[in-house]
Amino acid sequence: MTVLDRIAISAEMAMAQSQPALLLDRVRKRYGASFALDDVSFSIAPGEVVALLGPSGAGKSTVFRCISRLATIDGGRVAVLGQDMAGMDRRALREHRRGIGLIFQQFNLIGRSTALDNTLAGRLGHAPTWRVLLRQFSADDRQLALAALDRVGLLDKAYQRADSLSGGQQQRVAIARVLAQQSRLVLADEPVASLDPAAAANVLGVLRDIARERGIAVLCSLHQTDLARRYADRIVAMRHGKLMLDQPTGTVTVPSLNAVYA
Ligand code: ADP
């Protein structure tokens, strides 16, 4: 079975799952006396791209931190791929994090390493410790990473240093990394905030396409409502830690979005 066959099968498995890839059920997170998240509920299906909107301080980063369990919740429930996060031991948590791909505003690549090595970093959670320590990846891992770079249109840049690439190309390497990781859920925290409009559109287009192809659920925080309307299947908006809106993108009106930022 080729690497590409394996990718296709895992996408089918993800699509076949009836459970949401991500579920937040009445989640609360408190800092001191104030709630950063106050009864927040929403879910994301496999293959669905959800834009998370809201003004600064709305609680978007806190949502990401609670899902990756960098912050512990004070109430409610978070489940990833049907698995409840409460009470996970360290091993289960490691497994859980392996299934979640992270994309950041500042790309978080190793600048002096090649695009291929940065993509291979997505395999670290899958490789035995000795391979990680020696940074010796299997032929399968390398094939997977090259296929991922090819998918984001960067195969010809595989051996170029990451810091020699444009911002948009670096973010596409970050997408290749989550593909190599075979993530089922991708959390993208302001992934296009440092890009020009053309590069931003290109990156979000690639993210949406791979989500659909491979059944990856994507939660993507954005500042620009126009990009959310163009690239997301659904819009979830927050304000002061509360959910203001959760609707298919086509049904979201401009006034209802403006009310979130008013
Ligand atoms: P956003 O990402 O939408 O800008 P955040 O999730 O960063 O919002 O913040 C939501 C609220 O939680 C804000 O009022 C912020 O001040 C507060 N907050 C976030 N992290 C902490 C923290 N570590 N300690 C205290 N308050 C925090």
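Now for a description of the structure that goes with this document. (Residues numbered from 1 in each chain as written. Predicted model: local features only at pLDDT ≥ 70, side-chain atom pairs only at ≥ 80, totals over all residues. Heavy atoms only, no water.)

1. Topic: the sheet that holds strand β1 (residues 22-31)
Consideration 1: Spatially, the four strands line up as an open sheet ordered β2-β1-β4-β5, and their pairing is antiparallel. Strand pairing shows two members of the sheet lacking a second neighbour, β2 (34-44) and β5 (83-84), which therefore form its edges.
Consideration 2: Most of the contacts of helix α2 (residues 60-67) go to β1, to which it runs at about 115°, and overall it touches β1, β2 and β4 (75-80). (Pairing = 2+ DSSP bridges. Helix = DSSP H or I, 4+ residues; strand = E, 2+ residues; numbered from the N terminus. Contact = heavy atoms within 4.5 Å. Axes fitted to C-alpha atoms, helices over the stretch in contact; angles between N-to-C directions.)

2. Concerning the site of the ligand
Consideration 1: Close contacts around the ligand come from Tyr31, Ala36, Pro55, Ser56, Gly57, Ala58, Gly59, Lys60, Ser61, Thr62 and Arg65, and that covers them all.
Consideration 2: Within the side chain of Ser61, an N or O atom sits 2.6 Å from an oxygen atom of the ligand.
Consideration 3: One nitrogen or oxygen atom from the side chain of Thr62 is found 2.5 Å from an oxygen atom belonging to the ligand.
Consideration 4: Ranked by the residues each element gives to the shell around the ligand, the list is headed by α2, at four residues.
Consideration 5: Its residues assigned to classes, the shell around the ligand comprises four nonpolar, five polar and two charged. (Near = heavy atom within 4 Å. Polar contact = N/O pair within 3.5 Å; in protein donor to acceptor, adjacent residues only side chain to side chain. Nonpolar A, V, L, I, M, F, W, Y, C, P; charged D, E, K, R; others polar.)

3. Details of the pattern of salt bridges
Consideration 1: Counted according to the given criterion, the structure contains 14 salt bridges.
Consideration 2: Across the salt bridge formed by Asp38 and Arg28, the nearest N and O atoms sit 3.2 Å from each other. Residue Asp38 is found in strand β2, and its partner Arg28 is found in strand β1; the two are separated by ten residues along the sequence.
Consideration 3: Note that Asp38 and Lys242 form a salt bridge whose closest N and O atoms lie 2.7 Å from each other. Of this pair, Asp38 sits in strand β2 while Lys242 sits in strand β10 (residues 242-248), and the two are 204 residues apart along the sequence.
Consideration 4: With relative accessibility at 42%, the residue Lys242 sits in the partly exposed group. (Salt bridge = Lys/Arg side-chain N within 4 Å of Asp/Glu carboxyl O. Buried < 20%, exposed > 50% of the residue type's maximum accessible area, 1.4 Å probe, protein only.)

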